[in-house]
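Examination of the molecular architecture
Residue-level listing of the chains:
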4 protein chains.
Amino acid sequence: MNLRHMVQRSDTVAGRWFDRSVLLLIVASVVLMSLSTVPGLPPALRTALGAAEFVIIVLFTVEYGLRIVTADNRWRFVRSFYGIIDLTALVTFYLTLAWVGMMDLRAVRALRLLRVFRAFEFRRYIVATARIGRALKYARDEAVVFLFATLVLLYIAAMGINHFESQAQPEKFDSVFHSLWWAVVTLTTVGYGDAYPITLGGRLWTFVVLLLGMGIVAVPAGLIASGLLRAIEEERAEARRTEEQVGGTPE
Amino acid sequence: MNLRHMVQRSDTVAGRWFDRSVLLLIVASVVLMSLSTVPGLPPALRTALGAAEFVIIVLFTVEYGLRIVTADNRWRFVRSFYGIIDLTALVTFYLTLAWVGMMDLRAVRALRLLRVFRAFEFRRYIVATARIGRALKYARDEAVVFLFATLVLLYIAAMGINHFESQAQPEKFDSVFHSLWWAVVTLTTVGYGDAYPITLGGRLWTFVVLLLGMGIVAVPAGLIASGLLRAIEEERAEARRTEEQVGGTPE
Amino acid sequence: MNLRHMVQRSDTVAGRWFDRSVLLLIVASVVLMSLSTVPGLPPALRTALGAAEFVIIVLFTVEYGLRIVTADNRWRFVRSFYGIIDLTALVTFYLTLAWVGMMDLRAVRALRLLRVFRAFEFRRYIVATARIGRALKYARDEAVVFLFATLVLLYIAAMGINHFESQAQPEKFDSVFHSLWWAVVTLTTVGYGDAYPITLGGRLWTFVVLLLGMGIVAVPAGLIASGLLRAIEEERAEARRTEEQVGGTPE
Amino acid sequence: MNLRHMVQRSDTVAGRWFDRSVLLLIVASVVLMSLSTVPGLPPALRTALGAAEFVIIVLFTVEYGLRIVTADNRWRFVRSFYGIIDLTALVTFYLTLAWVGMMDLRAVRALRLLRVFRAFEFRRYIVATARIGRALKYARDEAVVFLFATLVLLYIAAMGINHFESQAQPEKFDSVFHSLWWAVVTLTTVGYGDAYPITLGGRLWTFVVLLLGMGIVAVPAGLIASGLLRAIEEERAEARRTEEQVGGTPE
């Protein structure tokens, strides 16, 4: 009973401490993962990092067991978003323990990082998370259309710059694939400066592409703003409906 | 009859498969076009790419024929947006077949890419596409005014930087045309780093221009956000009107 | 009478042609001004450019005279926005004619460019221009506050980076004035790449500054979006009020 | 009485002059601080700057005394936002006077800069400042969630680029900490050009990260736009409520 309160709920004292401990473990796990990428570590430290990581994984295994044991519907938990992430992180770890050195551990370990999203379930930010989620849902179809338009624009931009610059700078714009890299870096306005047009035609083309691109880049901001406003409006409409059903007179 | 269902409609099984096949062909055509820009391909592969492209064009020709044959109003299809794109892509291909090597084929072939926009007609995204289209229509006049203001700002920025930097860096800011390139790269915040001011006056000028520019860059986002909100509102008003006409009492 | 129709109004045939001719003259003036910045022009061409510029100025003088003669209230026109721009452009030109070579003509000539804004008065875009103007008016006070916050953030960012990087890169961050240039280029996300932090402290500071900066950069978009929505709402309210006064029942 | 009017209020003539003098002192203090970072100043000028700074601090001390003396509730002023800033600036200055040269004075002096925010209390911008404050308050929880998502995205981006580029460019992507710097510079679209991917995998990864990143960068603009619109709406609702209470009929 008490155990269930601790693991499954976050409105009890024990529950809050359990949540905080798990978050601390995740942060420790992220820090260890980061440290282990530093090259030229002394072997002793590397061994210590490995040991600490093992301890954390054992604790995560215990947490996973607790979550299954205390779940109202165990099978549903296993198939839930967090259930699958937890299981994947654990299974891949134990598998890589068995065949150490055979594959690149880092990509696998990064999966564990996804657990950090549990933090979004923290009480205080539940409303904000739900609102952003709702805004994203409203904006989803428009976002797909926008993404598609962006891909087409990137391709057209790359074809164009390839046409203008492949003679002048063959080493930088030698195929559409190289030009696509330029298009991505330019249209997102990152502009590393590793590739840029030098011909007049290429510069005029860049100008046209950027004018369109500024419109393209503006779309997500517009989508999110309108999505958020719709989500807030919907929340109010729901609140009003609840009020009316309860019998209170609407304001 | 069956053929018409397949070609003209996307709510039948045959229609969906037809649409998907065409989209697949377009993607294959894009991939082939990209591959043919890679320099130093072995001649055998280049021949194979050419052959594959020919096959695809023949299939596009068949598709174009089917669309004309099954159209309710053939002349209207020929003059429609997609009708003109399809015809242009085909005609230019067959013309370039006749005079191979006489002109740059790539720019012509890129026209075919526009066919990819047919994907926007996919059922699921029709509402989103229509909404974005409506938002853009609402924002059109403001966008023209904004575009004009951007061009003027670009020109003034270029005149100013030319004044400050033409002495210090004559090779980079030697005329307004060179300075315009700097203005485009700076005001869109791409910042390649191929040209930047080094004098105190030029830097102060850049600062003033960027403060104005940040406002300018923000305009499209504002236009799209307000356009989308108007489009959503209008959709609701229409839905309400339809409801009233049907006889249902509005909520 | 006829002359007044031509100069003062844009809803008559003569008025439209007058407006277009003036716009053409402005564009020609811009092109001439741009060409005269190209270095190493042959003297003959330079003379021709000067002559063409003189002709344009004479035509502008005629236009200014016509506008005064046909104005309902001449003194008000002289003191209006366009009246002052026109007069400044003319007076400075004739003054520089008298003392040729004594001062840099370019900065003075650029003033003439402001006349291009007359284009905003074109019939079709009057509503859009008015709406953007109204949105900007609504957003003005917030924009001043935001501008002030940006300046403070720029200064703090510059003080911080100077603290971290002045030892490591004395040639790039040797005083707050140099660091301010870095702050401007970074916070506007231009990122030329002429100055960037290399110490750990400087990079952490840049990270903090950029997180704040992304919020700052987002403010103008938010201001313009909300300003536009208010302007549209206000237009509707006005339309409704007019309708009611006329006696029609509001929808 | 008169003194209280001068120090505490800004709607009297004396009050306005007092506010302006304080603002002038702050600006002078900022300019002095900036000048003292210029390297290689002659000793005489450095002494003069130090003296001027001492005078300004004395004046700030007088101002702080006046504010305490004239406050309605002295203890509340001392603990208020501006009270703490003022006290910190003064105490740190006098402490550093006693142990000159023992610590870096600049970081401490920068605290004084925060006083510049007093300007936000100027009459004219009180409404705008309050509105922005309200918009930020509405957007706060969403901003925290967004910030957290940004941090996670930055980390995942850094892990990924480290995986792809650590072999090809070990000096630039040798640990996650170096890769994080790349992630910050890329996702904020600054793009200095000091580190960028050169492998195909790294470039594809950058593309994916930037597509997500453009959505992320758009969130603040959306939050601020919707926050501002809510703040304006709320202001109107309040105005209507006040009107009703006064007895006037709502429009």
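Now for a description of the structure that goes with this document. (Residues numbered from 1 in each chain as written. Chains lettered and ligands numbered in written order. Predicted model: local features only at pLDDT ≥ 70, side-chain atom pairs only at ≥ 80, totals over all residues. Heavy atoms only, no water.)

Here's the deal with the overall build of chain A
How we decide: Runs of H or I in DSSP of at least four residues are treated as helices and runs of E of at least two as strands, each being numbered from the N terminus. In this scheme, a residue with accessible area under 20% of its type's maximum is buried, one over 50% is exposed, and one in between is partly exposed, where area comes from a 1.4 Å probe on protein chains only. Calculation of accessible area relied on Shrake-Rupley with a 1.4 Å probe; when residues are assessed, cover is drawn exclusively from the protein chains displayed.
Counting its regular elements, chain A contains 9 helices and 0 strands. Counting from the amino terminus, chain A carries its helices and strands in the arrangement α-α-α-α-α-α-α-α-α. With 251 residues in all, chain A has 45% of them scored as buried. Split by element, the accessible area of chain A, about 12,800 Å² in all, is 68% carbon and sulfur.

Some details on the packing of helix H9 (residues 200–246) of chain A against helix H7 (residues 126–165) of chain B
Heads up, the rule is: Fitted lines through C-alpha atoms give the axes, limited to the stretch in contact for helices. The angle between two N-to-C directions lies from 0 to 180 degrees. Comment on the angle field: the value is read as roughly parallel under 35 degrees, roughly antiparallel over 145, roughly perpendicular from 65 to 115, and oblique elsewhere. Each crossing gets its hand from how the near helix is turned against the far one by less than a right angle, where anticlockwise is left-handed and clockwise is right-handed. Contacts were defined at the residue level, with two residues in contact if any of their heavy atoms lie within 4.5 Å. Note on residue classes: Ala, Val, Leu, Ile, Met, Phe, Trp, Tyr, Cys and Pro are nonpolar, Asp, Glu, Lys and Arg are charged, and everything else, Gly too, is polar.
Viewed as axis vectors pointing N to C, H9 of chain A and H7 of chain B meet at an angle of 130 degrees, and their least axial separation amounts to 12 Å. Regarding the angle of H9 of chain A to H7 of chain B, the classification is oblique. Here H9 of chain A and H7 of chain B pass one another in a crossing that is right-handed. Contacts between H9 of chain A and H7 of chain B involve Phe207, Leu211, Met214 and Arg230 of chain A from the former and Arg131, Phe146, Leu147, Thr150, Leu151 and Leu154 of chain B from the latter. Broken down by class, the residue content of the contact of H9 of chain A with H7 of chain B amounts to 7 nonpolar, 1 polar and 2 charged.

Thoughts on the interface of chain B and chain A
Where we set the bar: By buried area we mean the combined loss of accessible area, with a 1.4 Å probe, across both parts when two parts are placed together. Counted as salt bridges are all cases of a side-chain nitrogen of Lys or Arg within 4 Å of a carboxyl oxygen of Asp or Glu.
Each side of the interface is counted separately: chain B has 45 residues, and chain A has 45 residues. When the two sides are added together, the surface that chain B and chain A hide from each other amounts to roughly 3,900 Å², 73% of it contributed by carbon and sulfur. Scanning the region where chain B abuts chain A turns up 2 salt bridges. Between Glu142 of chain A and Arg131 of chain B there is a salt bridge, with the nearest N and O atoms lying 2.7 Å from each other.

With respect to the relation of the copies chain B and chain A
The criterion, for reference: Copy-to-copy alignment: least squares on C-alpha atoms, limited to residues at pLDDT 70 or above in both.
Note on the identical chains: chain B maps onto chain A by a rotation of 90 degrees and an axial translation of 0.0 Å, with an RMSD of 0.1 Å. Each copy turns onto its partner about a four-fold axis. A different interface surface on each copy is seen, since only 16% of the contact residues of chain B are contact residues in chain A too.

So, the interface of chain D and chain C
Quick reminder of the rule: Pairing of N or O atoms within 3.5 Å defines a polar contact, subject to two protein rules: one partner must be a possible hydrogen donor and the other a possible acceptor, and residues neighboring in sequence count only if both atoms are side-chain atoms.
Taken residue by residue, the interface counts 45 residues in chain D and 45 residues in chain C. Interface area for chain D against chain C, summed over the two sides, is near 3,900 Å², with a carbon-plus-sulfur share of 73%. Joining chain D to chain C, the criterion identifies 2 salt bridges. Viewed at the interface, chain C and chain D are joined by 5 residue pairs in polar contact (both at pLDDT 80 or more). Those elements that provide at least two residues to the side of chain D that touches chain C are helix H2 (13–35), helix H6 (105–113), helix H7 (126–165), helix H8 (176–187) and helix H9 (200–246) of chain D. Across the side of chain D that touches chain C, the residue classes break down as 31 nonpolar, 8 polar and 6 charged.

Side note on the nonpolar core
Using the following cut-off: Here the nonpolar core consists of buried residues drawn from Ala, Val, Leu, Ile, Met, Phe, Trp, Tyr and Cys, with membership extended through side-chain atoms lying within 4.5 Å.
Trp182 of chain A, Trp182 of chain B, Trp182 of chain C together with Trp182 of chain D are the most contacted members of the largest nonpolar core, which has 133 residues in total. It is H9 of chain A that contributes the most residues to this core, 11 residues altogether.

Let's talk about the pattern of salt bridges
One pass over the full model with this rule turns up 27 salt bridges over all chains. Its salt-bridge partner being Arg131 of chain B, residue Glu235 of chain B comes within 2.8 Å of it at the nearest N-O pair. Of the two residues, Glu235 of chain B sits in helix H9 (residues 200–246) while Arg131 of chain B sits in helix H7, which places them 104 residues apart along the sequence. A relative accessible area of 26% places Glu235 of chain B in the partly exposed class. For Arg131 of chain B, a relative accessible area of 10% corresponds to the buried category. Among the charged side chains, a network of salt bridges with common partners joins Arg131 and Glu235 of chain A together with Glu142 of chain D.

A few points about the packing of aromatic side chains
All names here are of chain D. Selection rule: Centres within 6.5 Å make a pair out of two Phe, Tyr or Trp rings, where for Trp the six-membered ring is used; the pair is then stacked when the planes are under 30 degrees apart, edge-to-face when over 60, and tilted otherwise.
For the structure on display, the rule yields 20 aromatic pairs over all chains. Measuring from centroid to centroid gives 6.0 Å for Tyr64 and Phe77, while their planes differ by 45 degrees, and the two rings are tilted. Of this pair, Tyr64 sits in helix H3 (residues 43–70) while Phe77 sits in helix H4 (residues 74–79), and the two are 13 residues apart along the sequence. When its relative accessible area of 9% is taken as the criterion, Tyr64 is described as buried. For the ring pair Trp181 and Tyr192, a centre distance of 6.2 Å and an interplane angle of 25 degrees mean the geometry is stacked.

What about H9 of chain D?
Operational definition: The span one expects for a helix is its residue count, reduced by one, times 1.5 Å. The angle between axes fitted to the seven residues ending at a residue and the seven residues starting there is what we call the bend at that residue.
Taking 1.5 Å per residue as the helical rise, H9 of chain D with its 47 residues ought to reach 69 Å, and the 70 Å between its terminal C-alpha atoms agrees with that figure. The largest bend in H9 of chain D is about 25 degrees, located at Val219 of chain D, with the proline Pro220 of chain D one to four residues further on.

Description of the side chain of Thr206 of chain B
Relative to the helices and strands, Thr206 of chain B resides in helix H9. Relative accessible area serves as the criterion here: at 0%, Thr206 of chain B is assigned to the buried category. Once residues within four sequence positions are removed from consideration, Thr206 of chain B is found in contact with Ile161, Trp182, Thr186 and Pro197 of chain B together with Trp181 and Tyr192 of chain C.

Let's talk about the packing of H9 of chain B against helix H9 (residues 200–246) of chain C
Two packed helices can be described by the angle between their axes and the distance between those axes. The interhelical angle for the contact between H9 of chain B and H9 of chain C, taken along N-to-C directions, is 45 degrees, at an axis separation of 7 Å. Accordingly, the angle class assigned to the pair H9 of chain B and H9 of chain C is oblique. With respect to the hand of their crossing, H9 of chain B and H9 of chain C are arranged in right-handed fashion. Taking contact as the criterion, the partners of Met214, Gly215, Ala218, Val219, Ala221, Gly222, Leu223, Ala225, Ser226, Leu229, Arg230 and Glu233 of chain B in H9 of chain B are, on H9 of chain C, Val217, Pro220, Ala221, Ile224, Ala225, Leu228, Leu229, Ile232 and Arg236 of chain C. Grouping the amino acids of the contact of H9 of chain B with H9 of chain C by side-chain chemistry returns 15 nonpolar, 3 polar and 3 charged.

Side note on the environment of Leu87 of chain C
Residues and elements named next belong to chain C. As for its placement among the helices and strands, Leu87 is situated in helix H5 (residues 81–98). On the basis of relative accessibility, which here comes to 34%, the residue Leu87 falls in the partly exposed class. Considering only alpha carbons, one finds Leu87 and Phe60, 27 residues apart in sequence, at a separation of 9.9 Å.

Comments concerning the environment of Pro42 of chain D
Note that Pro42 of chain D resides in the loop between H2 and H3. In the structure, Pro42 of chain D is positioned 107 residues away from Ala149 of chain D in sequence and 50 Å away in space, judged by C-alpha atoms.

Looking at unusual backbone geometry
All names here are of chain A. Even without being glycine, Thr189 reaches a positive phi, approximately 60 degrees. With respect to the helices and strands, Thr189 occurs in the loop between helix H8 (176–187) and H9. On the basis of relative accessible area, Thr189 is assigned to the buried category, the value being 11%.

Quick word on a nonpolar patch on the surface
Cut-off, in case you're wondering: Residues enter a patch when their relative accessible area is above 30% and they make no salt bridge; the linking distance is 9 Å between like charges and 5 Å between nonpolar side chains (Val, Leu, Ile, Met, Phe, Trp, Tyr).
A cluster of nonpolar side chains, namely Val27, Val31 and Leu35 of chain A together with Phe177 of chain D, defines an oily patch on the protein surface of about 320 Å² accessible area. Considering each element in turn, the nonpolar patch owes the most residues, 3 residues, to helix H2 (residues 13–35) of chain A. Within the element layout of this structure, Leu35 of chain A appears in helix H2.

Here we look at H2 of chain A
Between its terminal C-alpha atoms H2 of chain A stretches 33 Å, which fits the 33 Å expected from 23 residues at 1.5 Å a residue. When H2 of chain A is considered as a whole, its buried residues turn out to be Gly15, Phe18, Asp19, Val22, Leu25, Ile26, Ser29, Val30, Leu32, Met33 and Ser34 of chain A.

Structural notes on the side chain of Asn162 of chain A
In this structure, Asn162 of chain A sits in helix H7 (residues 126–165). Side-chain polar atoms of Asn162 of chain A contact the side chain of Ser179 of chain A, separated by 3.2 Å.

Some words on the environment of Leu25 of chain B
Residue and element names in this part refer to chain B. Structurally, Leu25 can be placed in helix H2 (residues 13–35). When the C-alpha atoms of Leu25 and Phe60 are compared, they prove to be 8.2 Å apart, with 35 residues separating the residues in sequence. With residues near it in sequence (within four places) discarded, Leu25 still touches Ile56, Leu59 and Phe60.

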